[in-house]
Amino acid sequence: QVQLVESGGGLVQPGGSLRLSCAASGSILRIYGMGWYRQAPGKQRELVAVITSDGTTNYADSVKGRFTISRERAKNTVSLQMSSLEPEDTAVYYCNADVFGYSTSRRDYWGQGTQVTVSP
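Residues numbered from 1 in each chain as written. Predicted model: local features only at pLDDT ≥ 70, side-chain atom pairs only at ≥ 80, totals over all residues. Heavy atoms only, no water.

**Things to note about a nonpolar patch on the surface**
Then, in step 1: Side chains of L29, F100 and Y102 sit close together on the surface and give an oily, nonpolar patch of about 330 Å² of accessible area.
Then, in step 2: Accessibility expressed as a relative area gives 45% for L29, which makes it partly exposed. (Patch = residues over 30% accessible without salt bridge, like charges linked within 9 Å, V, L, I, M, F, W, Y side chains within 5 Å. Areas by Shrake-Rupley, 256 points an atom, 1.4 Å probe, with all protein chains shown as cover. Salt bridge = Lys/Arg side-chain N within 4 Å of Asp/Glu carboxyl O. Buried < 20%, exposed > 50% of the residue type's maximum accessible area, 1.4 Å probe, protein only.)

Here's what the structure looks like:
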């Protein structure tokens, strides 16, 4: 089995910064893409940023230029540096990983989510 554990959420004022981190552990043979998604109250979960195994990144238009995704392959971790935060960024942020495990076929795994609240 594979577990994803997020950390780093919290309350921040508009214009502030936060850094989210996610660590994958368990029976991991290989991790392909990793990424961050978010879900605001009353809305569907949406992609924020993803990074492939070769470092290619993709961002939602709403966060381009403000958020940066990074990854340490050796540690099976992914981070999201968020700057110039806006109230519209308030959501539960979920880590995602596309994993091929020792005893499981390739599939997506999700973290438990971490709350980010942007408010004066």
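**Things to note about the nonpolar core**
Then, in step 1: Grouped together as the largest cluster of nonpolar side chains are 32 residues, with contacts concentrated most on W36, L80, M82 and Y93.
Then, in step 2: When contributions to this core are tallied by element, the ones reaching two or more residues are β1 (2-7), β3 (18-26), β4 (28-39), β5 (46-51), β7 (67-72), β8 (77-82), β9 (91-101) and β11 (114-118).
Then, in step 3: At five residues, β9 tops the list of elements feeding residues into this core. (Core = buried A, V, L, I, M, F, W, Y, C linked by side-chain atoms within 4.5 Å. Helix = DSSP H or I, 4+ residues; strand = E, 2+ residues; numbered from the N terminus.)

**As for the environment of R107**
Then, in step 1: Note that R107 resides in strand β10 (residues 107-110).
Then, in step 2: Sequence separation of R107 and Y32 is 75 residues, and the distance between their C-alpha atoms is 9.9 Å.
Then, in step 3: Not counting residues up to four positions away in its chain, the partners in contact with R107 are A97, D98 and V99. (Contact = heavy atoms within 4.5 Å.)

**Focus on the pattern of salt bridges**
Then, in step 1: As enumerated under the stated definition, the model contains seven salt bridges in all.
Then, in step 2: Linking R38 and E46 is a salt bridge whose minimum nitrogen-to-oxygen distance equals 2.8 Å.
Then, in step 3: When its relative accessible area of 5% is taken as the criterion, R38 is described as buried.
Then, in step 4: For R66, the salt bridge goes to D89, with nearest N and O atoms at 2.8 Å. Remark: D89 occurs in the loop between β8 and β9 and R66 occurs in the loop between β6 (57-59) and β7; sequence separation between them is 23 residues.
Then, in step 5: Classification of R66 as buried rests on a relative accessible area of 12%.
Then, in step 6: Owing to a relative accessible area of 2%, D89 belongs among the buried residues under this scheme.
Then, in step 7: Sharing partners across several salt bridges, the network here consists of R38, E46, R66, E86 and D89.

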